[in-house]
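Residue-level structure breakdown
Spelled out, the chains give:
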Amino acid sequence: MDIVVRPKILVVGAGFAGVGCVRRLERKLGSDEADVALVTPVSYQLYLPLLPQVASGVLTPQSIAVSLRRSRKYRTRIIPGGAIGVDPKAKVCVVRKITGEIVNERYDQIVLAPGSVTRTFDIPGLTDNARGMKTLAEAAFLRDHVISQLDLADASQDEAERAARLQFVVVGGGYAGTETAACLRRLTQNAVKRYPRLDPKLIKWHLIDIAPKLMPELGDKLGRSAQEILRKRGIDISLGVSIAKAGPDEVTFTDGRVIPTHTLIWTAGVAASPLMATLGAETVKGRLAVSSEMSLPGHDGVFALGDAAAVPDEAKDTEGAVCPPTAQHAMRQGKHVADNVIASLRGQRMTPYVHNDLGLVVDLGGHDAVSKPLGFELRGLPAQVVARGYHWSALRTNVAKVRVATNWALNAVAGHDFVATGLLSRSSAKLRDFEHTSAYLTPEQIRERTENG
């Protein structure tokens, strides 16, 4: 009797790109056509654009963490861990499970969507003292930390300590940094009313970026509007400035200023997952160089997309243009790459990815926002409606949509709550606790494993 072995499709990463790909594969593949497996350390998809609202308490953590096991049609095997190396010749992906065990996962087709990691630089004290905003845990820890600073300042009899605990520094003038500073500033502004011993004027937020403009993708007019909103809230904006040194109770700027603070939030950009370097293939600024079909030239059955891949932007006439690492591209690339994987399995022609950018939205909390849908510039409440409408519609399940809408409505009526959950007593929650870039193998180590395994 002949034994028929179904092809195995391995998807790495449960972000917008990876989950979009898996869901499309489940819908369009017959049950006997292929087996699908997903490598991810957590069994949920995180809606990253709303993370600043979790940090500020507007949204609960579970409202933007969509379980991968809710679908009744779900038949993908989840491998709980992270990919630390890929050998495209042997068709093996090396996975470190959450238990620490390292295993080889063989595949016929692999879709690499590991996303990105926080981009850091060789700045003294940065990883030991800065906090990130890339994961759900980091957002939850940051919320606890900010509220704790108010509690500690209120209890302190030392004026210098009180002033230091009420200063907050955010590095990074992109969407994540700007929205984080805006949302957390509103949190502290509302919370300080509950602390009659604290002078509201002592609360100072600093937003700095080495670039000459905040969010240059918005254009000059909307960029200036965003800056005006932030400055009206009392946020001090410094452009052309970065961090020279970070300590546990002070931060030194590159312009020589020393800011006494216990809170340094690092959001200065992202870099492609180090996984892409393990393939030994061509990269573009760390992102795997792929074709417009999102396949890796010269390697059968390897696809890459999202933040970790330099996917040619066919919608632009500029030579060498690649799709920006945004959520809207990742979601659409996920569906498109699934179609190309299926076409490859069935011996059909793959098609190039083409998608016009729908625009940008920046939610600054309250009624403040700036948006640029389809090139139209909006400010204030209309921009807020567009921003939240886009985020709400992009949530994958109806349960998530109900939770987010309920949280927004409750916050609008009842305002912020200021409860710390006690997470800080369990972990320091600094960048070094979340960014494990040294965990990846070299191409030589991967080959040694595959040859001996």
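Residues numbered from 1 in each chain as written. Predicted model: local features only at pLDDT ≥ 70, side-chain atom pairs only at ≥ 80, totals over all residues. Heavy atoms only, no water.

Using the following cut-off: UniProt positions are given in the numbering used here, feature names are shortened, and annotations may be inferred rather than shown by experiment.
By the naming in an unreviewed UniProt entry, the chain is NAD(P)/FAD-dependent oxidoreductase, taken from Streptomyces phaeochromogenes. What UniProt records for the chain under Sequence similarities (unreviewed entry) is the sentence "Belongs to the NADH dehydrogenase family."

**With respect to the pattern of salt bridges**
Where we set the bar: By definition, a salt bridge exists where a carboxyl oxygen of Asp or Glu is found within 4 Å of a side-chain nitrogen of Lys or Arg. Secondary structure elements are defined from DSSP: runs of H or I of at least 4 residues count as helices, runs of E of at least 2 residues count as strands, and each element is numbered from the N terminus. Throughout this description, buried means an accessible area under 20% of the type-specific maximum (1.4 Å probe, protein chains only), exposed means over 50%, and partly exposed covers the range between.
Applying the stated rule across the entire model yields 18 salt bridges. One salt bridge in this structure joins Asp-339 and Lys-28, with 3.1 Å as the shortest N-O distance. Taken together, the positions of Asp-339 in helix α8 (residues 327–345) and Lys-28 in helix α1 (residues 16–28) put the pair 311 residues apart, joining distant regions of the chain. Using a relative accessible area of 21% as the deciding quantity, one classes Asp-339 as partly exposed.

**What about the packing of aromatic side chains?**
Our working definition: Ring pairs shown here join Phe, Tyr and Trp side chains whose ring centres sit within 6.5 Å, with only the six-membered ring taken for Trp; geometry is labelled stacked below 30 degrees between planes, edge-to-face above 60, and tilted in between. A ring is considered to have a charge above it if a Lys NZ or an Arg CZ atom is located within 6 Å of its centre and within 35 degrees of its normal.
Enumeration according to the criterion identifies 3 aromatic pairs in this entry. Judged by centre distance (5.4 Å) and plane angle (90 degrees), the rings of Phe-16 and Tyr-47 are edge-to-face. Highlighted residues: Phe-16 in helix α1 and Tyr-47 in the loop between β3 (44–46) and α2 (51–55), separated in sequence by 31 residues. The class for Tyr-47 is buried, based on a relative accessible area of 4%. On the numbers, 6.2 Å between centres and 75 degrees between planes, the contact of Phe-121 with Trp-266 is edge-to-face. With a gap of 145 residues between them, Phe-121 in the loop between β9 (116–118) and α3 (126–129) and Trp-266 in strand β16 (residues 263–266) connect regions that are remote in the sequence. Against the face of Trp-392 rests Lys-401, its NZ or CZ located 5.1 Å from the ring centre.

**Examining unusual backbone geometry**
The phi dihedral of Lys-91 is positive, around 55 degrees, even though this residue is not glycine. With respect to the helices and strands, Lys-91 occurs in the loop between β5 (77–87) and β6 (92–97). Here the phi dihedral of Met-294 falls at roughly 70 degrees; this positive angle occurs in a residue that is not glycine. Inspection of the secondary structure puts Met-294 in the loop between β19 (287–289) and β20 (302–304).

**Digging into the sheet that holds strand β21 (residues 309–310)**
Filter applied, for reference: Between any two strands, pairing holds if DSSP finds at least two bridges.
If you walk across this open sheet you meet the 3 strands as β18-β19-β21, and the pairing is mixed. Looking along the sheet, the strands with just one partner apiece sit at the ends: β18 (283–284) and β21.

**What about the pairing of strand β2 (residues 35–40)?**
Most of β2 is tucked away, with 5 of its 6 residues classed as buried. Pairing of strand β1 (residues 8–12) with β2 involves 5 bridges; the strand directions are parallel. Bridging across to β2, Lys-8 finds its partner in Asp-35. Pairing of β2 with β5, which is carried by 4 bridges, proceeds in the parallel orientation. Counterpart to Thr-40 in the pairing with β5 is Pro-80.

**Here's the deal with the packing of helix α4 (residues 136–155) against helix α6 (residues 175–191)**
Our working rule: As a rule, the C-alpha atoms of each element are fitted with a line to give its axis, helices using only the stretch in contact, and angles between N-to-C directions run from 0 to 180 degrees. Definitions for this section: a left-handed crossing has its near helix turned counterclockwise from the far helix by less than a right angle. A right-handed crossing has that turn clockwise. Throughout, a residue-residue contact means that at least one pair of heavy atoms, one from each residue, lies within 4.5 Å. Note on residue categories: nonpolar means Ala, Val, Leu, Ile, Met, Phe, Trp, Tyr, Cys or Pro, charged means Asp, Glu, Lys or Arg, and polar means any other residue, Gly included.
At their nearest, the axes of α4 and α6 sit 11 Å apart, and the two run at 35 degrees to each other. Here the hand of the crossing between α4 and α6 comes out right-handed. Listed contacts from α6 to Leu-142, Arg-143, Val-146 and Leu-150 of α4 are Thr-180, Leu-184, Leu-187, Thr-188 and Ala-191. A class-by-class count of the residues in the contact of α4 with α6 yields 6 nonpolar, 2 polar and 1 charged.

**Examining the environment of Asn-340**
Turning to its location among the elements, Asn-340 is positioned in helix α8. On the basis of relative accessible area, Asn-340 is assigned to the buried category, the value being 1%. Between the C-alpha atom of Asn-340 and that of Ala-310, which follows or precedes it by 30 residues, the distance is 17 Å. Excluding residues within four positions of it along the chain, Asn-340 makes contact with Glu-293, Phe-303, Met-350 and Thr-351.

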